[in-house]
Amino acid sequence: MTNTYRLEITVLSPLHIGSGERLGPKSVWVDDGRAWVVDEGALFRKLASSPRLLSQFERFSLDRRRSLKDFLQDAYIDPVAVALYELEHFGGRPNRFYMSHIKAPGRPPRLYIPGSSLKGAIRSALLRATLIQDSAQRQQAARHVRSQIHGSQPNRKRADDALERAVFGQDQHHEWTRLFQIADTQPVAIEKNLQSTEARILSVCNEGTGRLVEKKGRRGQPISLYPEVIRRQIKLHARLTILDELLSPLAAKELGFPMNRSRVGALLEACNCVAEEQIQQEHTFATKTRWKLGELFYSQLKIRLEEAIADGACLLRLGWGAGYDDKTITDLLDDATFREVLDSYRLTVGRPHRSLRNPPLPRPFAPKSRTVALNRQNQWVPLGWVRLQIAPAKVAEEQAHPPVTDPPAPVDPPAEPPPPTIVPGPHTGVVVYYNFDRGRGAILPDGNEAELEVRLEQLREGVRFLVKDQKVSFTVVLDDAGIHLEDVKPEGGYV
């Protein structure tokens, strides 16, 4: 038996779930409070229609000082005609780090939150809540951490394995978080739901005053990043499924899942337990560092938490910039274990102002930095806070009483196709895509189903870039490093 619930996510502060793609000034341009992200295919098709524009773009691509906006203005190209999508923008003009939010493919793409991000944040909250509420579990966790440190060579990537096995189960098949599954949120339009903004890092002043100041780079300028974020008060919806069949007597004998973990209330209680601790800790941090806007934000968030608990909902923090506590439980361990972790893995997190005799912040308030984003009121606010409301999903009548039909005749599964191969030598094909900023893309050879990676250094001398759907010729080389391309050149024409 499965129980399905409707999960409503309300964004309380700017939320960024990264796609892993960082766009440069030759892919994004900002003007008058608007940001445009270029549609590379549309741009290159327009360039290919005019030798003059193509030559002009080649010169522009080699000039690092000029942005895409400069080129479009000089070439009299309307930004809207070559834009994949357009967003409202707050803050300065991006120079390097424009961080793309994950999106569902399409033209234009659509906005969503991956179910894996939601489940990962809830899973972290379950682990942290378990250790907050159970001192015996904390002591057991410390033993597991120390055994990992004093065992074989310490491995940062595997340091939490023993601890997670102790709390969640001995392996991925016996992990009780399998009881619940969260689907991706339903995609929504980018317009009015997504914006681009400026983000900065606030850090405790190293001069011993304890005041929070903007972290600056080598040239003395504030370090700025430019993420796409979901707007405040936007609501997204997903589906939560509880797999009660994994708690049947037969499954319970094999898996040993705890019965109380399948309750929706247990998830909400764990999230609110962690949210309460984080809000209190961040409010204290803001007070000690004289961060007035942070004090106000977390005072208001305390009220939001009380309202959520009264409504049977919870608060959760996820995504980029969510902070230290969402990624580790080290601060919950005893001082001796905490120091062993720092020394064994050569970490500095949790050691603010090591050069100071009287550090302004004790260990519970480490690390000393916070990431904030600019909102519509021109205020720097923390990222990643959402409210989760869980309600039973409505089941359609035909789902509750499906018609009785004869079982379908068994069908033999189709044979798996042989792995695609390509022989070394000259070939022709079509460009699948080419990212100008990264200098890499993919080519689909004629008569083959396997795409081949192409890089800037593999293009014929004098060729600066490729265009999507462009016909090309190239040479396939097979050596000890594998398959790679050489002498890639356009053949003229498009498919």
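Every value quoted in this text rests on a predicted model; they were computed, and no experiment measured them.

(A) Structural view of the pattern of salt bridges. Scanning the model with the defined rule gives 14 salt bridges in all. Measuring nitrogen to oxygen at the nearest pair gives 3.9 Å for the salt bridge that ties Glu 8 to Lys 235. Of the two residues, Glu 8 is situated in strand E1 (residues 2–11) and Lys 235 in strand E15 (residues 235–243); the sequence distance between them amounts to 227 residues. In this structure, the salt-bridge partner of Arg 200 is Glu 214, at a minimum N-O distance of 3.0 Å. Residue Arg 200 is found in strand E12 (residues 199–204), and its partner Glu 214 is found in strand E13 (residues 212–214); the two are separated by 14 residues along the sequence. Given a relative accessible area of 18%, Arg 200 falls into the buried group.

(B) The arrangement of the confidence of the model for the protein in detail. Of all residues in the protein, 77% attain a pLDDT of 70 or more, and the chain-wide mean is 79. Predicted confidence is poor over residues 349–364, with pLDDT under 50, and the contacts of this stretch with residues over four places away or in other chains come to 35 contacts. Ignoring residues within four places in sequence, the model shows residues 395–401, a span with pLDDT below 50, making 1 contact including any to other chains.

(C) Quick peek at the sheet that holds strand E9 (residues 180–182). Taken in spatial order, the 5 strands line up as E9-E15-E1-E19-E16 in an open sheet, and their pairing is antiparallel. Each edge of the open sheet is held by one strand with a lone partner, namely E9 and strand E16 (313–317). Each neighbouring strand pair of the sheet contributes to a mean axis angle of 30 degrees, computed without reference to strand direction. Alignment of E16 against strand E19 (residues 385–392), held across 5 bridges, turns out to be antiparallel. Of the residues in E19, the one forming a bridge with Leu 315 is Arg 387. Together, E1, E9, E15, E16 and E19 form the strand contacts of helix H8 (residues 264–288), whose direction differs from that of E16 by roughly 55 degrees. Lying on the sheet, helix H9 (residues 292–310) is in contact with E16 and E19; it crosses E16 at an angle near 140 degrees.

(D) The arrangement of the pairing of E12 in detail. Most of E12 sits out of view: 5 of its 6 residues are buried. In the sheet, E12 pairs with strand E14 (residues 224–230) via 2 bridges, with the strands oriented antiparallel. Residue pairing across strands places Arg 200 opposite Ser 224, the latter belonging to E14. The sheet contact formed by E12 and strand E17 (residues 369–374) spans 5 bridges and is antiparallel. From the neighbouring strand, Ala 199 faces E17, where its bridge partner is Ala 373. Pairing of E12 with E13, which is carried by 3 bridges, proceeds in the antiparallel orientation. Within E13, the residue paired with Ser 203 across the bridge is Val 213.

(E) Up close: the environment of Val 167. Counting through the fold element by element, Val 167 comes out in helix H6 (residues 161–168). Given the relative accessible area of 9%, Val 167 is considered buried. Along the primary structure Val 167 and Ala 141 are separated by 26 residues, whereas in three dimensions their C-alpha atoms are 8.6 Å apart.

(F) Quick look at the environment of Ile 483. Summarising the element assignment, Ile 483 is placed in strand E24 (residues 482–494). Judged by relative accessible area, Ile 483 falls into the partly exposed class, the value being 45%. Separated by 31 residues in sequence, Ile 483 and Leu 452 have C-alpha atoms that sit 8.4 Å apart. The contact partners of Ile 483, leaving out residues within four places of it in the chain, are Ile 422, Leu 452, Val 476, Val 477 and Leu 478.

Cut-offs and rules
- Residues numbered from 1 in each chain as written.
- Predicted model: local features only at pLDDT ≥ 70, side-chain atom pairs only at ≥ 80, totals over all residues.
- Heavy atoms only, no water.
- Salt bridge = Lys/Arg side-chain N within 4 Å of Asp/Glu carboxyl O.
- Helix = DSSP H or I, 4+ residues; strand = E, 2+ residues; numbered from the N terminus.
- Buried < 20%, exposed > 50% of the residue type's maximum accessible area, 1.4 Å probe, protein only.
- pLDDT = per-residue confidence, 0-100.
- Contact = heavy atoms within 4.5 Å.
- Pairing = 2+ DSSP bridges.
- Axes fitted to C-alpha atoms, helices over the stretch in contact; angles between N-to-C directions.

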